[in-house]
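# Coordinate inspection notes
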Amino acid sequence: MISNNMQKLINDQYHRELFSAHMYFSICSYYLDKDLDGFANFFRVQAEEELMHALKQFDYLHQVDGKITYQAIDAPPTDFESIMDTFNQTLEHERYITRHIHAIVKAALEDGDFATHNFFQWFVQEQVEEEALMRTLIAKLKLIGNNKSALYLLNEELMQRKPEEATA
Ligand code: OFO
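Analysis parameters
- Residues numbered from 1 in each chain as written.
- Predicted model: local features only at pLDDT ≥ 70, side-chain atom pairs only at ≥ 80, totals over all residues.
- Heavy atoms only, no water.
- Core = buried A, V, L, I, M, F, W, Y, C linked by side-chain atoms within 4.5 Å.
- Buried < 20%, exposed > 50% of the residue type's maximum accessible area, 1.4 Å probe, protein only.
- Helix = DSSP H or I, 4+ residues; strand = E, 2+ residues; numbered from the N terminus.
- Axes fitted to C-alpha atoms, helices over the stretch in contact; angles between N-to-C directions.
- Parallel < 35°, antiparallel > 145°, perpendicular 65-115°, else oblique.
- Left-handed = near helix turned anticlockwise from the far one by under 90°.
- Contact = heavy atoms within 4.5 Å.
- Nonpolar A, V, L, I, M, F, W, Y, C, P; charged D, E, K, R; others polar.
- Phe/Tyr/Trp six-rings, centres within 6.5 Å; stacked < 30°, edge-to-face > 60°.
- Lys NZ or Arg CZ within 6 Å of the ring centre and 35° of its normal.
- Salt bridge = Lys/Arg side-chain N within 4 Å of Asp/Glu carboxyl O.

### Thoughts on the nonpolar core
Counting residues in hydrophobic clusters, the biggest one holds 24 residues, and the most contacted among them are Y31, F39, F43 and F87. It is helix α1 (residues 4-33) that provides the largest number of residues to this core, a total of seven residues. Among the nonpolar cores identified, the runner-up in size contains 18 residues, and I2, I10, I101 and I104 belong to it.

Listed below in structure tokens is the structure:
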């Protein structure tokens, strides 16, 4: 049986994951409008992974006899100044998510909730990987600058991204 406090923290995080998916679908649309299919694919896969994160938390909360209290999901940003802006906003958002994941892990320890502490370790590692991925892409974009051929090659590279296999 999960405490009310931990249940509320996981509920809020579940809604943040859905917001993340909403945000990345919005960025995907931005790229589809520009006919940059590789960038669009990258953010579509990113959005799908966020849905998978929400689903993992949904399943976990039910497993520990908790429940989701449904809330409205905020509208995502829809105006982006540039390719770089989409990645900067994504990195900033992932850092925000990391802070919340860490707060949940800390609260779980304080609560003596070792199951939730253990469950969220996967998300701790996932955030390390997501932030690193965004930083790498921002560095590549800086190198590319205004070089259209290099941008074309990055678009092709991002076309190769595939969704991770869902794990239990
Ligand atoms: Fe973008 O990561 Fe979920 O948690």
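Having seen the structure, we can now continue with the description.
### Remarks on the packing of helix α2 (residues 37-63) against helix α3 (residues 83-111)
Closest axis-to-axis distance for the α2/α3 pair is 13 Å, and the angle between their directions is 15 degrees. As summarised for this structure, α2 and α3 are arranged roughly parallel, according to the angle between their axes. The way α2 lies across α3 gives a crossing that is left-handed. Two secondary-structure elements touch here, α2 through F39, F42, F43, Q46 and E50 and α3 through I83, T86, F87, T90 and E94. Among the residues making up the contact of α2 with α3, the classes are represented as five nonpolar, three polar and two charged.

### So, the side chain of H93
Turning to its location among the elements, H93 is positioned in helix α3. Residue H93 is classed as buried on the basis of its relative accessible area of 8%. Setting aside residues up to four positions removed in sequence, H93 forms contacts with F19, S20, M23 and Y24.

### Things to note about the packing of aromatic side chains
Applying the stated criterion across every chain, the model contains 16 aromatic pairs. Plain terms: the ring middles of F42 and F87 are 5.9 Å apart, the flat faces sit at 45 degrees to each other, and that makes the pair tilted. Taken together, the positions of F42 in helix α2 and F87 in helix α3 put the pair 45 residues apart, joining distant regions of the chain. The exposure class assigned to F87 is buried, which follows from its relative accessible area of 0%. The interplanar angle of 90 degrees and the centroid separation of 5.2 Å between the aromatic rings of F119 and F120 together place this pair among those described as edge-to-face. Both residues of the pair, F119 and F120, count as buried. These aromatic residues form a ring-pair network of at least three members: Y24, Y30, Y31, F39, F42, F43, F80 and F87. Directly above the aromatic system of W122 lies the positively charged group of K56, at a separation of 4.1 Å from the ring centroid. Of note, R161 hangs over the ring of F42, and the distance from its end group to the ring centre comes to 4.4 Å.

### Observations concerning the pattern of salt bridges
When the charged atoms of two side chains with opposite charge come close together, those side chains can pair. The final tally for this structure, using the stated rule, is five salt bridges. A salt bridge links R161 to E49, with the nearest nitrogen and oxygen atoms 3.5 Å apart. Of this pair, R161 sits in the segment after α6 (148-159) while E49 is found in helix α2, placing the two residues 112 residues apart along the sequence. Of the two residues, R161 and E49, neither departs from the other in class, the shared state being buried. A salt bridge links K140 to E157; its shortest N-O distance comes to 2.9 Å. Linking K140 in helix α5 (residues 121-144) with E157 in helix α6, this pair joins segments that are 17 residues apart in sequence.

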